[in-house]
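# Structural description and commentary
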Amino acid sequence: MEDFAQAVGLSRPTVSKYFQDASSIRPKLRERIEEGLRETGFRPNLFAVNLNRRQTKIVGLIFPNSLDPFYAGLRRQIEDRAAREGYLTFVFSSDGKPEMEEDALETLSQLNAAGVILSPVGGDAAHRARVKATARSLPIVFIDSPFDDEEAFVGTNNGQSMALMTDYLSRFGEGPSYFDMPHVNANGAARREAYAQTMRRRGLEPRFVAVEPSTSWEFERYAFEQTQRLLKGEGFPTRSLLCGNDRIAFGVMAALNQAGRRIGLGPDCEFRVAGHDNQPLSEYIWPPLTTVQQNTGEMGRLALDLLLQRLDPARDRQGEPEAGRHLLVDGDLVLRASA
């Protein structure tokens, strides 16, 4: 940057100021720098620039499964918004493992990241204590699954969304039984409880599919194998199945279809199947899946707003959420042929 400044006949601080905020320097100087950029092809090393700052413009994103379309959607929303705010995003996958989550946080601390948006995997008390300690020095906003009652969090309102689906399935046919997801984060328990409360409110007995407990992130495989086992044995409590998420529903439907058991609303159909999340493939499997749409755009926006407030207390907060809050975003019912 010093060589470039000499080439265009300006001071290094002036050139540096341009790269931090081009609108902060006079138009004539800006034109001079931009002409020099076109002639020389110079570009600053943004990574080095960030490491040289007291507070970098790096935001870390840590998700438990980089292949899950839900987290891919969140990543896209946050990255786009962060870029408009002038931040670089570094994305890590914890692969559902507490030790990899800790490694990612340690790497971001060493990179002097400004802050982190993290979807936590849970872990034991010692792991949670270490994450909590990191959050005291490295601003963290938790997303999708809450960490505790104190740390800032943005997620889907599982109480509202699961009640919405349970109500629908109960009004139009037999009350559903619940096909649980593996116990990988707090969402599973929250959705299960919301289902049970809604069934009781409607005067119905909650029924749970007898699945074996698991902590695997291979949801489709898990649901497929559990459904195969149940079809060969005790079967299902009801013919209406509410799955903990769409990926569970994909596995259930694949096993039912393979066994020749018809899914849908017709008189010749044996099962109704519904999910939660509205994954991209939900519309294109057969039959298309009835589900709940999670608003990833709003979740990503709110999470980044909470983080930016902590990074810049002087930031104009008009229309932004209050820092430190737990913010829940409602879901929308999406009706398709499966239920």
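Going by the structure above, here's the rest.
The text that follows walks through the structure, step by step, so that each part is easy to find. (Residues numbered from 1 in each chain as written. Predicted model: local features only at pLDDT ≥ 70, side-chain atom pairs only at ≥ 80, totals over all residues. Heavy atoms only, no water.)

## Details of the sheet that holds strand S3 (residues 115-118)
Taken together, 6 strands build an open sheet; the order of strands is S2-S1-S3-S4-S5-S10 and the sheet is parallel. Looking at the sheet topology across the chains shown, the edges are occupied by strand S2 (88-93) and strand S10 (326-329). Across this sheet, the average inter-strand angle for adjacent strands is 20°, counted without regard to direction. Two elements, strand S1 (residues 58-63) and S3, share 4 bridges in a ladder whose sense is parallel. Within S3, the residue paired with glycine 60 across the bridge is valine 116. (Pairing = 2+ DSSP bridges. Helix = DSSP H or I, 4+ residues; strand = E, 2+ residues; numbered from the N terminus. Axes fitted to C-alpha atoms, helices over the stretch in contact; angles between N-to-C directions.)

## Observations regarding the pattern of salt bridges
Taken as a whole, this structure holds 19 salt bridges when the rule is applied. Note that lysine 132 and glutamate 151 form a salt bridge whose closest N and O atoms lie 3.1 Å from each other. Of this pair, lysine 132 sits in helix H7 (residues 125-137) while glutamate 151 sits in the loop between strand S4 (140-143) and strand S5 (153-156); the two residues are 19 residues apart in sequence, bridging distant segments of the chain. With respect to burial, lysine 132 and glutamate 151 carry one shared label: buried. Salt-bridge contacts for arginine 247 lead to glutamate 220; the nearest nitrogen and oxygen are separated by 2.8 Å. Residue arginine 247 is located in helix H11 (residues 246-258), and its partner glutamate 220 is located in helix H10 (residues 219-232); the two are separated by 27 residues in the primary sequence. (Salt bridge = Lys/Arg side-chain N within 4 Å of Asp/Glu carboxyl O. Buried < 20%, exposed > 50% of the residue type's maximum accessible area, 1.4 Å probe, protein only.)

## Structural notes on the nonpolar core
Among the nonpolar cores identified, the biggest contains 47 residues, and Ile117, Ile143, Phe179, Phe236, Ile248, Val252 and Val273 are the most heavily contacted of them. Take this core: its biggest share by element is 8 residues, from helix H12 (residues 296-311). Counting 15 residues, the second largest nonpolar core, distinct from the first, contains Ile58, Ala104, Leu138 and Phe147. (Core = buried A, V, L, I, M, F, W, Y, C linked by side-chain atoms within 4.5 Å.)

## Topic: helix H6 (residues 98-110)
With 13 residues, H6 should cover 18 Å at 1.5 Å per step; its first-to-last C-alpha distance of 19 Å lies within 8% of that length. Among all positions of H6, only Glu101, Ala104, Leu105 and Leu108 are buried. Around the axis of H6, the buried residues are gathered within 95° of arc, so they sit on the same side. Elements that come into contact with the buried residues of H6 comprise S1, S2, S3, H7 and S4. Taken from the residues just after H6, asparagine 112 is the one with a positive phi, measuring 60°. (Expected span 1.5 Å × (residues − 1). Arc of directions from axis to C-beta. Contact = heavy atoms within 4.5 Å.)

## Section: the sheet that holds strand S8 (residues 272-274)
Pairing between the strands of a sheet is mediated by backbone hydrogen bonds and can be parallel or antiparallel. A sheet is described by the order of its strands in space; here 3 strands give the open sequence S6-S7-S8, paired in parallel fashion. Each of the sheet's edge strands pairs with one partner strand only, and the pair in question is strand S6 (177-179) and S8. Recorded for the sheet is a direction-independent mean angle of 25° between the axes of neighbouring strands. Strand direction decides the pairing type here: S6 and strand S7 (residues 240-243), joined by 3 bridges, are parallel. Bridge assignment links tyrosine 178 to a residue of S7, and that residue is leucine 242. Contacts from helix H9 (residues 186-201) reach S6 and S7 within the one sheet, and its direction differs from that of S6 by about 175°.

## A short note on the packing of aromatic side chains
This structure, assessed with the given rule, holds 13 aromatic pairs. Judged by centre distance (5.6 Å) and plane angle (75°), the rings of phenylalanine 236 and phenylalanine 271 are edge-to-face. A residue pair is termed long-range when its members are at least 10 positions apart, and phenylalanine 236 in the loop between H10 and S7 and phenylalanine 271 in the loop between H11 and S8 qualify at 35 residues. Relative accessible area serves as the criterion here: at 6%, phenylalanine 271 is assigned to the buried category. Through a chain of ring-to-ring contacts, three or more aromatic side chains come together here, namely Phe63, Phe70, Tyr71, Trp217 and Phe219. One residue, arginine 192, lies across the ring of phenylalanine 208, its end atom 4.0 Å from the ring centre. (Phe/Tyr/Trp six-rings, centres within 6.5 Å; stacked < 30°, edge-to-face > 60°. Lys NZ or Arg CZ within 6 Å of the ring centre and 35° of its normal.)

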